[in-house]
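# Descriptive structure summary
What follows is each chain in one-letter form.
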Amino acid sequence: MEGALIARDRVGVQDFVLLDSHTSEVAFLNNLRKRYQENLIYTYIGTLLVSVNPYKELDIYTLTQMQLYRGVNFFELPPHLYAIADNAYRVMCSECNNHFILISGESGAGKTEASKKILQYYAVTCPTTDQLKIVRDRLLLSNPVLEAFGNAKTLRNDNSSRFGKYMDIQFDFKGAPVGGHILSYLIEKSRVVHQNHGERNFHIFYQLLEGADKDLLGWLGLERNPQKYAYLIQGRCAKVFSINDKNDWKIVRKAFSIIDFSERDIEHLFAIVATVLHLGNIHFEEDSNGHAIIRDGTQIKWISKLLGAHLSILQEALTNRKIEARSEEVLSPLNVDLAFYARDAVAKAIYGRTFTWLVNKINNALVNKDSSRKTVIGLLDIYGFEVLDTNSFEQFCINYCNEKLQQLLIEMTLKAEQEEYEVEGIEWEPIPYFNNKIICDLVEQKHKGIISILDEECLRPGEATDLSFLEKLEEKVGDHPHFLTRKLADQKTRKSIDFLDFRLLHYAGEVTYCAMGFLEKNNDLLYRNLKEVLCNSKNFIIRECFLFSELDSRRRPETVATQFKNSLMSLIEILMSKEPSYVRCIKPNDNKEPGKFDDSLIRHQVKYLGLMEHLRVRRAGFAYRRKYEHFLQRYKSLCPATWPNWNGPAIEGVVKLIKHIGYKPEEYKLGRTKIFIRFPKTLFATEDAFEYRRHLLISRLQAKYKGFLGQRAYQKKRKAAIKLEACWRGALARREAKRRTWAAQIIRKFINGFINRKKPLCPENREFVMLSQYKYLLKLRDHLPQNVLDKSWLKPPSIMEETSEMLHKLCIRTLVRKYCRGVSVERRVQLQQKVVTSAVFRGKKEGYQQSLNQRFLDTRLKENEINPRVLQLIQGESIKYVTPVIKYDRNGFKARERLLVLTQAAAYVVEMAKIKQKVEYATLKGISTSNLSDGIIVIHVPDDNKQKGDVILQCEHVFETVTKLCMLSNKESLVKIVKGSLRFRIGSGKEGTVVFAVGQEPQVFRDRNGQLTVVSTPGPP
């Protein structure tokens, strides 16, 4: 890690703990941005890993990378997910204790992918056998199954986990994975019956319709078109380009076979999925008594078949509610609204409990029946802190979960720091930090917390509503400093809180929750007669999910919030018993765009992930710590006493080293096995000195080695030269004899050719003819025409007349091309500009013919004539053209002298030392000018709040200015030559008019109608 500090100015530091300004959020974001722009998506905060989603494939997850990080010290290599996984695995194997890796972040930040990468790392790097390969494959393929049933497309993520997942991977004493266990938390059942616009239901519904064969769909009573099902079309995006449902279906079917699902299991499971789709298509109508009835029995017949329930009993359960009055049971007909509620409730209950059954089934396949002691590494892939436009019951539970995990993180980090200080014998200094226990107590405290109040309101007799729940909150926790409602807020804050809202001040900031639906979602009740139908189902999965003991029990079931609180408490107990590792995932932008770094979005995530708080706790003591052996091994070259080898104890060598370097007492502490450095600048200075010293050592080694290589090369060359000289003298003698023989033969051949020169081409005269042709070409070379107008040409021999004609043509072409190339760059630029001017103005605007002979200048004002303040404001952009213009105000049309500055990227209207308006070429909507001889130019800008309105300018060199603007913006097609008048935008949705007229003398004025009138004298076309 220390080696990367040399490039810290370009790629940032690998550990945020080494930031000088560790309390500055700006410095934190700058470091994160530098690394992200260099495709370095991982950064440490101590042992916590911060991961930024790159939204593209990076070549950092190969088998080579896995082997590189395997068994390596945590800080020896750059930050990586594999380093976290490997460190947890090595410590688990060496110390025989349990670990967990907590992966959190908002939807789309890459949590699910991170957990997959960790599983893949363990699958590749851990020891295995043929039997263990089965366990490994089941662990890996449990992911696609859980994603199919528990993940969905949301506005933020196409594969968003809609449940929390904790997976224990069990290892034997050899470190081989031998089993696993999965816990799931708070599956989002409401998504089954309702999706927001732009979102989808769970993946499995679309995979079944897209990938299942015709026979299976026919048996389930389904059609392949998802638009046919009410539960799948509410989001209006059943088809998603980035999701291949057909291919995912194949993966899920393969996973079922490997995880040991029987055909009966799969058949009954898909029957339940189809049942949910059929339930969504049941439509209730009102009879004459106002009761709900089902006129079209098609869907309910399919449900009856798939669940193995009696048709009439099922229909009665969906339209009636069974009420127990003392010892009697009475059927109370439901109205249409209650019937729809009952239908949706049974759909949610079936899917929610089936998901729990699915997790248990996977656990049975992963269970290891060997009773010997095992160690585990847990993977917690849990939803991150959520702040949506409308925050409901689900966000309340999710954010409560994050409060507990933040509390756990800070406590365990402090504990780890304290333990390390105690082991090293360094005095512990208490660290001030925000303890969010007060917020956790507000939510979970018995009898006084929000969950207790919510349960009390759900269970009390009488008419309980969301409003009465809110009033009860105001009554019982209204004086809590982290709780606020509209009634309790001051006049200014009240405007941002609705009547049914309450606001909690979490550790990550304020979140406003809408209380509407809290009671319904917390109760999650299912009518008794519907439970009876499900308990009697012939579908064995449904029977396992809905037990008869529920019907016999008179005790009201626990509410959803209480169940979630209890399961969360159980999870915290599990995590507290293990050694922690943390991965915080960050989403860089909302558009899933590679390379885009949205500061405001990331700042928000840094806040609610508690990263600054964690960094503050880590940096409260010492920024850097390293074992004496490692520190001495790296920096021993900085001290003559320790270089090249130190033979004594490592701590004594470190003491000599730091004294020689000049460490001050307040900059470091010496522990039992480690040196602790308080300030990053101390480490940076040491690393810079080491880099300089390394260069010196390398230079000295290179000089010695180069001298040796030079000496060896000289001896080798001397021996070779002597041998070459001997060989060369013999070769020269042989070559001379051969050359004389060859010369005699050539002379004979040419004499014979001269004798037969007038005969047709034959072997006897071929060489002579070729020589004649050669001499002609040599002579022609000295008598070529010097210019295009020179018509002279050397007369050829008869045998070369055709060739001579071709050469003549090539020569003329060459002369023409040479002439064209002789045109100067400046002349060519002028011609290019004139071509653009012709394309835009020819035959359209007066004065065009006169402009042809006028030379276009590079700029009308040089850069040193522009106010230095303006140059400073436009720094980073190359100025291409500057000309004086008169700008007319958009309202009063008052003429003001300005400069028009054109750069490579934008046009600027400048007054003295101020930039009055900037128009980026990318946003340029158009350029308008009249067909008369006036110099008016109107630059049209977009209709947004950034621009004040269109720019009206008068320029003396209108043809030159418009041509420059067109070429720089590359938008020749946007230039319009108007006649009579043109409309321009003033701002805030208002428009104005410029009227063009011909008169005796040119003038520009505002007429009675409030329009800008431009009068120009008639001129030649």
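Residues numbered from 1 in each chain as written. Predicted model: local features only at pLDDT ≥ 70, side-chain atom pairs only at ≥ 80, totals over all residues. Heavy atoms only, no water.

The subject of this paragraph is unusual backbone geometry. Here Arg236, not a glycine, exhibits a phi torsion of approximately 60°, which is positive. Structurally, Arg236 can be placed in the loop between helix H9 (214-220) and helix H10 (245-258). Owing to a relative accessible area of 71%, Arg236 belongs among the exposed residues under this scheme. One non-glycine residue, His447, adopts positive backbone phi at about 70°. (Helix = DSSP H or I, 4+ residues; strand = E, 2+ residues; numbered from the N terminus. Buried < 20%, exposed > 50% of the residue type's maximum accessible area, 1.4 Å probe, protein only.)

Before going further, it helps to spend a moment on the nonpolar core. Among the nonpolar cores identified, the biggest contains 119 residues, and Ile101, Tyr122, Phe149, Phe205 and Phe256 are the most heavily contacted of them. Ranked by residue count, the leading element in this core is helix H14 (residues 336-366), at 16 residues. Aside from chain neighbours lying at most four places away, what touches Tyr122 is Ala85, Ala88, Tyr89, Ile101, Ile169, Phe171 and Ile377. By size, the runner-up hydrophobic cluster in this structure holds 69 residues, among which are Ile451, Phe469, Val511 and Leu615. (Core = buried A, V, L, I, M, F, W, Y, C linked by side-chain atoms within 4.5 Å. Contact = heavy atoms within 4.5 Å.)

The element strand E31 (residues 1012-1016) is extensively covered by neighbouring structure, given that five of its five residues are classed as buried. Residues Leu1012, Val1014 and Ser1016 of E31 are buried on one face, and the alternating residues Thr1013 and Val1015, pointing to the opposite face, are buried as well. Both strand E29 (residues 990-998) and E31 contribute to a ladder of five bridges, which runs parallel. The partner of Val995 across the bridge, within E31, is Thr1013. Two elements, strand E30 (residues 1003-1006) and E31, share four bridges in a ladder whose sense is antiparallel. When the sheet's bridge partners are listed, Arg1006 is paired in E31 with Leu1012. As consecutive antiparallel partners, E30 and E31 are separated by five residues, and within that stretch Gly1010 has a phi angle of approximately 80°, a positive value. (Pairing = 2+ DSSP bridges.)

Each strand in a sheet pairs with its neighbour through backbone hydrogen bonds, running either in the same direction (parallel) or in the opposite one (antiparallel). The sheet built from seven strands is open, its strands ordered E1-E2-E16-E3-E12-E6-E7 with mixed pairing. Each of the sheet's edge strands pairs with one partner strand only, and the pair in question is strand E1 (42-45) and strand E7 (177-185). Strand-to-strand, the axes of this sheet are offset by a mean angle of 20°, without reference to chain direction. The sheet contact formed by strand E6 (residues 164-171) and strand E12 (residues 375-381) spans seven bridges and is antiparallel. Of the residues in E12, the one forming a bridge with Lys165 is Asp381. (Axes fitted to C-alpha atoms, helices over the stretch in contact; angles between N-to-C directions.)

Right, let's get into the pattern of salt bridges. Side chains that differ in charge, positive against negative, can pair when their charged atoms come close. For the structure shown, the criterion picks out 37 salt bridges. In this structure, Asp782 and Arg781 form a salt bridge, with 3.9 Å as the shortest nitrogen-oxygen distance. Residue Asp782 is classed as exposed on the basis of its relative accessible area of 56%. Relative accessible area serves as the criterion here: at 56%, Arg781 is assigned to the exposed category. The salt bridge involving Glu826 is made with Arg855; its shortest N-O contact spans 2.0 Å. On the criterion of sequence distance, the pair formed by Glu826 in helix H32 (residues 825-841) and Arg855 in the loop between helix H33 (848-851) and helix H34 (868-873) is long-range, its members being 29 residues apart. (Salt bridge = Lys/Arg side-chain N within 4 Å of Asp/Glu carboxyl O.)

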